[in-house]
Amino acid sequence: MFAYIIRRVLQMIPTIFGVMLLLFILFNWVGGDPSYILAGKSMNATTLANIRAQLGLDKSQFAQFLIFVKQVATLNFGISWSNQQPVSSILAARVGPSVTLTGFIMLVSTVLSISMASLVAYVRGSLTDRMVTLICTTAMSVSALVYIIAGQFWLAHKLGWFPVLGWGDSFAKNLVTYLPLPVLLGVIVSLAPDLRFYRSCFVEEMNHDYVRTARAKGLSEPKIMLKHVMRNALIPVVTSIMMSLPYLLVGALLLETFFAIPGMGREVIMAVDKSDFPVIKAITIYIAILTMIFNLLADIVYKLIDPRVQLK
Amino acid sequence: MANEKGSRSLWALGWKRLRKDHIGFVSLWMVAAFVLLALAGALGLVASGWRNEVAKPYAPPTLLKSLGPKHVQLTAENIDAANKASEQANGQPSTGTSLTADEDPLAGDLAEASKNEGQYQEAATQKAETLPMGADLRGRDVLQKVLKGTSTSMLVGLMGSLAAIVLGTIMGGFGGYFGQKIDDLLMWFYSVFTSVPDMLLLLAFSAVLRRGISTVILVMALTSWTGTFRLMRAEFLKHKSREYVKAADAIGASHLRRMFVHILPNVSYLLLVQFSILTVALIKYEVILSFLGFGVSVTQISWGSMLAEAPAELIQGYWWQMACVTLFMSILVTAFSMLTDSLRDALDPKVK
Amino acid sequence: MSEPLVSIQNLRVAFRMEDGEPFEAIKGISFDIPKNRTVALVGESGSGKSVTSMAILRLLPSNAEFGAESKILFEGKDLLQEDPHALRKVRGGNIAMIFQEPMTSLNPVFTVGDQIMETLMLHMGMGRRAARQKAISLLTECGLPEPERRVDRYPHELSGGQQQRVMIAMAIACEPKLLIADEPTTALDVTIQKQILKLVADLQKARGMSVLFITHDLDVVGEFAHEAVVMREGEIREHSEIRKIFESPQDNYTKALIKCRPHLGRRPQRLAVIDDFMQGTPYKEPPHRPRGYSHGDEIILDVQGLHKTFFSREGLFGKRAFDAVKDVSFKLAKGKTLGIVGESGSGKTTVGLTLMRLHEATAGKAFFNGKDILSMTPKEFKAYKRRIQIVFQNPYASLNPRFTVQDILTEPMMLHGIGSGAQERRRLAADLADRVGLSSNALSKYPHEFSGGQRQRIAIARCLTMKPDILICDESVSALDVSVQAQVLNLLQDLQDEFRLSYLFISHDLSVVKHISDQVMVMHEGVLVEQADSDVIYANPQHDYTRELLASIPRGWPRDSFNAEGALAEA
């Protein structure tokens, strides 16, 4: 196991390097000269030259790349171009709200969708099953945007059951006041696709031979479902949950934007809007590294719950 | 490949199965209708005049005009009356700018203009009171907009999907078939692109490239090839050790021949399903991107840019643009999703 | 005669297919399973034997429909009418079942012990501690080595034979009165098969239970069954005592089944096929055909020191080596057949694939007409490629499902420049299709429209398009039904005689190999253990492993020593 972890960590290095290369090409080559953006109103030759020197744009591409590498290694991305704050401190403040929001959505949605999926899989082929699938498909055809816009309009603005937007200082206040509506909408959006996916995991398992053996042993259908099938289906389900954890941090982009929740997702959108390259680069690198770590964790968890897996 | 009447290729069998699946078959025709619509829109045959402001601002839908907020028609007299009323209330003359004729730099020109006014006639275009699906802020026909928007969104979805699939298949095919160094290199690409969540990657690309349809298609292709890559890599790897491929090797077929003449036809049904899944996903992404302002340019219209106007409209009580977009999008995506499910069932050889 | 344990009466089963049409799998059969006896249910694919066995416990899929008058009586009650609760008591408790593929039939995420304990706790109401003890004793009874350790293992950590022992232990745990065994040894090596058969026979005697043993292999049945029911296409052709089935079969189909198996004692010129018996005229066995290498034989392939090692990654940077083939040398004579025999893991298939350069050999030489084909560059080898061809095992996997038969047959011609144009190639393809016994409209059809035997014919025709000198048959008949196997073996023989082909015949089936080979080489774990003329090696095996292998072949009838006493006693 230990050798496996070391091997995986070593494999991460070329990947991180690749991400850096990608971002560098994007933002330093394709993105063009940002000095005009930063100069703003005071656009004259001296200011531009100063900015370029500050950002190291007067050096060769290779030297600039090394600067970038150093930034990644020290996790210090300099100053945000839009509000002159250190990027690291901005991001540190944004992590909390994102994790809280998506954490709750994920928790509620997973519990609901797994329980519903197992019920639906149990009666697969029946009218209920087909109706539920149809409803899910139709529900998924409506853009998340529409749910959020409509939800915010009706439930908050018109009916006044929730605040239209905002975020509080304390966890408790958020939990009671500001989280409910975004979490509700987030769950609604993710319930349908999750339900379909988990249902297919369960149905796939139910077609295996060991289910026939369990029946031949005289076990009742609910017992077979809950004990034999569920335990096997848990493997793809848990793996899928672990793989989607990195998305926790980019957060529910749209929800954060609409509800003015100061999370990473909203930060990214604002940064793209303002062409704030350091922030975009920083967030992307952080997320990339975390994704790799989570993938490794997912594989380890997979090994723990599936006795057949041999990690080499 | 030879396909005489009477023999049943796997594609023919799949088609037969699809026809029997009523829901799937109907979905196929609906999707085909949308594709035709998209083509017509792209060629300018339909909704080419969507930019024309043909109605009064926020004109309600013809059949449902009672469900909109009440409109108050403002005329010149109303404005004059309102001005006079405020004059009396505040005890000040309001001549618009409260500048005297000497101070006002435009006074001379305005005097000229009012003199010449009588000589000109403006073609009085009658602005419609209601439209089939209502009008937006600028009086543009929502129906026309949504048709043109369908064209844009579908085009982006289909082309982006096609590009992603071609890219993913070539890379996945070579990686899965040849393995070793080539595969290591391609897997490196894959791990780089998948370590960043889709939306984030899309936004990063959008940040540096100009807005516009071609950008969106490019960006979507560059971020979505990974799913197809993984699928095709696994399939080529699996099929490579199948006996019919070994047999092809034994009779002397080259690598390229084995990959594209032997293996590819056996996995192309998966690509068809993948194409449909990806098209739906990309349409949804495009909507979000355009909504956020990073997708199509301001002169173009798509479902996303229409939805961008929705929050402001809803506050004022104008619901028809959002409803129209949601309706069209919902029908297309549902039909496409049903089609995907039916395609999967019809073409999967296991079911045979 | 006392009352039967299970009485199947007028069983009719139809499956509702996707186009709504019903497919009759079982067309009205009746037979009884007596107490304390082993009944063999024999048939080829499509006979309905598996469907019958699963019908007893109602384990058929949901689109199965029973006939109105069908009854399956067990202890006076009709199992087809029982409510689910009562049925569950019967399943596992009174009637137990084991299946063909133990690997997939066991739940991969629970330990072997847990799965056995589950049935004990369910039907016998035992507590965990007692159940565990009983599980260990059951595993001991079923011959699983080190049961106290193995009880906590997962299924994938055991070998195929061990997994099947676990399934048997699980099945007999609650002392069932009937054990249904659905082809339990078909997926196992012949030496392991013998052990499992002995186990089932011993358990049957010791516990006085009845066994319904489903198989396609009459010889297996002959070893230990009391009665046999022969089925074909959903009907019973014959049902009688095992002695009568072998010594005086009444039904033509039964006669055909017995006769068309290659026999270790005789080698007829041509194997019998079903058609020989179904015409009504009595069957006359063709004269014996002698086989063996003779002095003046021209050697077409001379293999020396063939070695193949597979590498896999291990640990952080290490590599693990697995020697599949170790220093194998042999000679193939022109116009003759060299049989390569061994169990799984013996390396026999690897030898064939390496000679074709589908795998690259690690070391060794193979002289074909004087030139070493293993050391040639791929470009040089191209000219030789068409002269050595291979027919693979799985008829369902060796033809490209998207090609028509015409495409399959004309492609090699196109690649090697045979035939002056597309027209000519089509003509050649049609000729070959005819030669291998396919009908004239086969060319425009797709592989999935043919049966297993027909697909192998297409594969053979594909090889012949290139007029090869050597044909490697890698388990080419192993996946076919007995009757079809005979047809394909006869075809191969005819082709060899007509075209003077040299065959390398790889198989685990000793009887088939003896029938078709002039010389036989035995492989075990990558090593060539013994090599001699086929008659010599079977009569007088030198090596221990060869002896063990030969001893494991099910003899059928008359019985071999291990069962001489008990089974023949009358009920």
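Reading the values: the criteria
Residues numbered from 1 in each chain as written. Chains lettered and ligands numbered in written order. Predicted model: local features only at pLDDT ≥ 70, side-chain atom pairs only at ≥ 80, totals over all residues. Heavy atoms only, no water. Helix = DSSP H or I, 4+ residues; strand = E, 2+ residues; numbered from the N terminus. Buried < 20%, exposed > 50% of the residue type's maximum accessible area, 1.4 Å probe, protein only. Contact = heavy atoms within 4.5 Å. Lys, Arg positive; Asp, Glu negative; His and termini not counted. Charge placed at Lys NZ, Arg CZ, Asp CG, Glu CD. Buried area = accessible area lost by both parts, 1.4 Å probe. Salt bridge = Lys/Arg side-chain N within 4 Å of Asp/Glu carboxyl O. Polar contact = N/O pair within 3.5 Å; in protein donor to acceptor, adjacent residues only side chain to side chain. Nonpolar A, V, L, I, M, F, W, Y, C, P; charged D, E, K, R; others polar. Pairing = 2+ DSSP bridges. Axes fitted to C-alpha atoms, helices over the stretch in contact; angles between N-to-C directions. Domains from an automatic or database assignment. Phe/Tyr/Trp six-rings, centres within 6.5 Å; stacked < 30°, edge-to-face > 60°. Lys NZ or Arg CZ within 6 Å of the ring centre and 35° of its normal. Core = buried A, V, L, I, M, F, W, Y, C linked by side-chain atoms within 4.5 Å. Disulfide = S-S within 2.5 Å. Right-handed = clockwise from strand over helix to strand, strands pointing away. Parallel < 35°, antiparallel > 145°, perpendicular 65-115°, else oblique. Left-handed = near helix turned anticlockwise from the far one by under 90°.

Draft legend 1. Region of interest: the overall build of chain A. Counting its regular elements, chain A contains 15 helices and 0 strands. Projecting the C-alpha coordinates of chain A onto the three principal axes gives extents of approximately 85 × 60 × 35 Å. Looking at the 312 residues of chain A, the share that counts as buried comes to 47%. The contacts of chain A with a sequence gap of at least 6 include a subset with a gap of at least 24, amounting to 72%. Within chain A, the 15 negative side-chain charges are centred at a point lying 4 Å from the centre of the 25 positive side-chain charges.

Draft legend 2. Representation of the interface of chain A and chain C in the model. In this assembly, 22 residues from chain A lie in contact with 29 residues from chain C. Summed over both partners, the interface of chain A with chain C comes to about 2,400 Å²; 62% of that surface belongs to carbon and sulfur atoms. The partner of Lys217 of chain A in a salt bridge is Glu118 of chain C, with the nearest N and O atoms 3.1 Å apart. Connecting chain A to chain C are 12 residue pairs in polar contact (both at pLDDT 80 or more). Elements represented by at least two residues in the side of chain A that touches chain C include exactly α1 (2-30), α10 (209-216) and α11 (221-244) of chain A. Top element by residues in the side of chain A that touches chain C is α10 of chain A. It accounts for 6 residues. When the residues that make up the side of chain A that touches chain C are grouped by side-chain class, the tally is 8 nonpolar, 5 polar and 9 charged.

Draft legend 3. Representation of the sheet that holds strand β20 (residues 519-524) of chain C within the structure. Residues and elements named next belong to chain C. The sheet built from 6 strands is open, its strands ordered β17-β18-β19-β14-β20-β21 with mixed pairing. In the strand order of this sheet, the two ends are held by β17 (388-391) and β21 (527-533), each with one partner. Strand-to-strand twist of the sheet, defined as the mean angle between neighbouring strand axes without regard to direction, takes the value 20°. With 5 bridges joining them, strand β18 (residues 470-474) and strand β19 (residues 502-507) adopt parallel strand pairing. Bridge assignment links Ile472 to a residue of β19, and that residue is Leu504.

Draft legend 4. Examining the domain arrangement of chain A more closely. Residues and elements named next belong to chain A. Split by domain assignment, chain A resolves into domain 1 (2-74) and domain 2 (92-305). Contacts between domain 1 and domain 2 engage 16 residues on the former and 15 residues on the latter. The junction of domain 1 with domain 2 conceals about 1,400 Å² of combined surface from both sides, 85% of it contributed by carbon and sulfur atoms. Run the count over domain 1 and domain 2 and you get 1 salt bridge. A salt bridge links Asp299 to Arg8; the nearest nitrogen and oxygen atoms lie 2.4 Å apart. At the junction of domain 1 and domain 2, the tally comes to 1 residue pair in polar contact (both at pLDDT 80 or more). Only α1 and α4 (61-74) provide two or more residues apiece to the side of domain 1 that touches domain 2. A per-element tally of the side of domain 1 that touches domain 2 places α1 first, with 12 residues. A class-by-class count of the residues in the side of domain 1 that touches domain 2 yields 12 nonpolar, 3 polar and 1 charged.

Draft legend 5. How the structure looks around the interface of chain B and chain A. Counting residues at the interface gives 38 residues for chain B and 42 residues for chain A. Buried surface at the junction of chain B and chain A, both sides included, amounts to about 3,400 Å², of which 82% is carbon and sulfur. Among the residues of chain B in contact with chain A, Ser195, Leu200 and Val208 of chain B are the three that bury the most area, contributing 16% of the side total. Run the count over chain B and chain A and you get 1 salt bridge. At the level of secondary structure, the elements contributing two or more residues to the side of chain B that touches chain A comprise α6 (180-194), α7 (198-208), α10 (255-292), α12 (310-316) and α13 (320-347) of chain B. Tallied by class, the residues present in the side of chain B that touches chain A amount to 28 nonpolar, 7 polar and 3 charged.

Draft legend 6. Geometry of the sheet that holds strand β11 (residues 235-241) of chain C. All names here are of chain C. Pairing is mixed in the open sheet, where 6 strands are placed in the order β7-β8-β9-β3-β10-β11. With one partner strand each, in any of the chains shown, β7 (95-98) and β11 form the two edges of the open sheet. Across this sheet, the average inter-strand angle for adjacent strands is 15°, counted without regard to direction. Looking at chain direction, strand β8 (residues 178-182) and strand β9 (residues 210-215) are connected through 5 bridges and run parallel. Following the sheet pairing, Leu178 is matched in β9 by Ser210.

Draft legend 7. Structural context of the packing of aromatic side chains. Tallied over the entire structure, the rule returns 19 aromatic pairs over all chains. With 6.3 Å between their ring centres and 55° between their planes, Phe174 of chain B and Phe260 of chain B make a pair best called tilted. Of this pair, Phe174 of chain B sits in helix α5 (residues 142-178) while Phe260 of chain B sits in helix α10, and the two are 86 residues apart along the sequence. Here the aromatic cluster, defined as three or more aromatic residues joined through ring pairs, consists of Phe174, Tyr177, Phe178 and Phe260 of chain B. Against the face of Phe110 of chain C rests Lys227 of chain A, its NZ or CZ located 5.6 Å from the ring centre. Taking the ring centre of Tyr538 of chain C as reference, the NZ or CZ of Lys514 of chain C above it sits at 5.6 Å.

Draft legend 8. The arrangement of α7 of chain B in detail. In terms of burial, α7 of chain B is a largely internal element, 10 of the 11 residues being buried. Those residues of α7 of chain B not exposed but buried are Met199, Leu200, Leu201, Leu202, Leu203, Ala204, Phe205, Ser206, Ala207 and Val208 of chain B.

Draft legend 9. Fine view of the nonpolar core. In terms of nonpolar packing, the biggest core is built from 138 residues, with Phe27 and Phe68 of chain A together with Trp303 and Leu307 of chain B touching the most fellow members. If one sorts the elements of this core by residue count, α10 of chain B sits on top with 16 residues. Beyond its immediate stretch of four places on either side in the chain, Leu307 of chain B contacts Leu145, Val146 and Ile149 of chain A together with Val287, Phe291, Met322 and Val325 of chain B. Grouped together as the second largest cluster of nonpolar side chains are 76 residues, Ile98, Ile136, Cys142 and Ala181 of chain C included.

Draft legend 10. Expanded view of the state of the cysteines. All names here are of chain C. Taken as a whole and assessed by the stated rule, the structure comprises 0 disulfides over all chains. Its sulfur unpaired, Cys174 is 13 Å from the next cysteine sulfur, which belongs to Cys142. On the basis of relative accessible area, Cys174 is assigned to the buried category, the value being 6%.

Draft legend 11. A look at the pairing of β9 of chain C. Residues and elements named next belong to chain C. The buried fraction of β9 amounts to 6 of the 6 residues, a majority that puts the element mostly inside the structure. Residues of β9 alternate between two faces, with Ser210, Leu212 and Ile214 on one and Val211, Phe213 and Thr215 on the opposite face, all of them buried. Strand direction decides the pairing type here: strand β3 (residues 38-42) and β9, joined by 5 bridges, are parallel. From the neighbouring strand, Thr38 faces β9, where its bridge partner is Val211. Chirality of the crossover, the property in question, places the unit of β8, helix α8 (residues 190-207) and β9 among those that are right-handed.

Draft legend 12. Region of interest: the packing of α7 of chain B against α10 of chain B. All names here are of chain B. For the pair α7 and α10, the least separation of the axes is 12 Å and the interaxial angle reads 50°. Classed by the angle they form, the pair α7 and α10 counts as oblique. Crossing hand, α7 versus α10: right-handed. Side by side, α7 and α10 meet where Asp198, Met199, Leu202, Leu203 and Ser206 of the first sit next to Tyr285, Ile288 and Leu289 of the second.

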